[in-house]
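Okay, here's what each chain looks like letter by letter:
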Amino acid sequence: MPKTAKLITLIYMYDAEDEEPLSETLQAYLIDEDRALFLSNGQLWAQEVRQSEGDPDIYVGGHEDAGVIIAEDVQGSAADVIPTLIKRWTSMTALDFIVRDLVDAPLLELGLTI
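Peer 1: Mind showing me how you'd approach a nonpolar patch on the surface here?
Peer 2: A grouping of L95, I98, V99, L102 and V103 is seen on the molecular surface, where their side chains present a nonpolar patch of about 420 Å² in accessible area. Here I98 shows up in helix α2 (residues 94–109).

In structure tokens form, the structure reads like this:
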């Protein structure tokens, strides 16, 4: 992940059954040439995206693209949350991330330590 992320406009496409396709325009951060982080309805997403043919600052993604919810019940705006996470993640090693964020954090929520 780069130390800085490019701020982009993401058009996220929904294609619900029995409904016309819907879209949502979101502020997102491009963290690789085809990956973006964004917030939607309190959920932090990492999503595969593709660049728009008409505008280099607009990207498109949707439910058919690879994506994962990283966190739920996120408080704050994308501009507040995402750059802080990127700075934190890029300042640690893979081992730090595994121990502190994947193993230790859930245990601390339960009052346990390793």
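Peer 1: For this particular structure, what's the right way to read the pairing of strand β6 (residues 58–62)?
Peer 2: A regular strand places its side chains so that they alternate between the two faces of the sheet. Of all five residues making up β6, four are buried, and the element is well covered by its neighbours. Sheet topology places strand β1 (residues 6–14) next to β6; five bridges connect them, and they run parallel. Its bridge partner lying in β6, T9 is registered against I58. Inspection of the sheet shows strand β5 (residues 50–51) paired to β6 by two bridges, in the antiparallel sense. Within the sheet, the bridge partner assigned to R50 lies in β6 and is V60. Taking the residues that link successive antiparallel strands as the turn, the β5-β6 hairpin has six residues.

The rules behind each value
Residues numbered from 1 in each chain as written. Predicted model: local features only at pLDDT ≥ 70, side-chain atom pairs only at ≥ 80, totals over all residues. Heavy atoms only, no water. Patch = residues over 30% accessible without salt bridge, like charges linked within 9 Å, V, L, I, M, F, W, Y side chains within 5 Å. Areas by Shrake-Rupley, 256 points an atom, 1.4 Å probe, with all protein chains shown as cover. Salt bridge = Lys/Arg side-chain N within 4 Å of Asp/Glu carboxyl O. Helix = DSSP H or I, 4+ residues; strand = E, 2+ residues; numbered from the N terminus. Buried < 20%, exposed > 50% of the residue type's maximum accessible area, 1.4 Å probe, protein only. Pairing = 2+ DSSP bridges.

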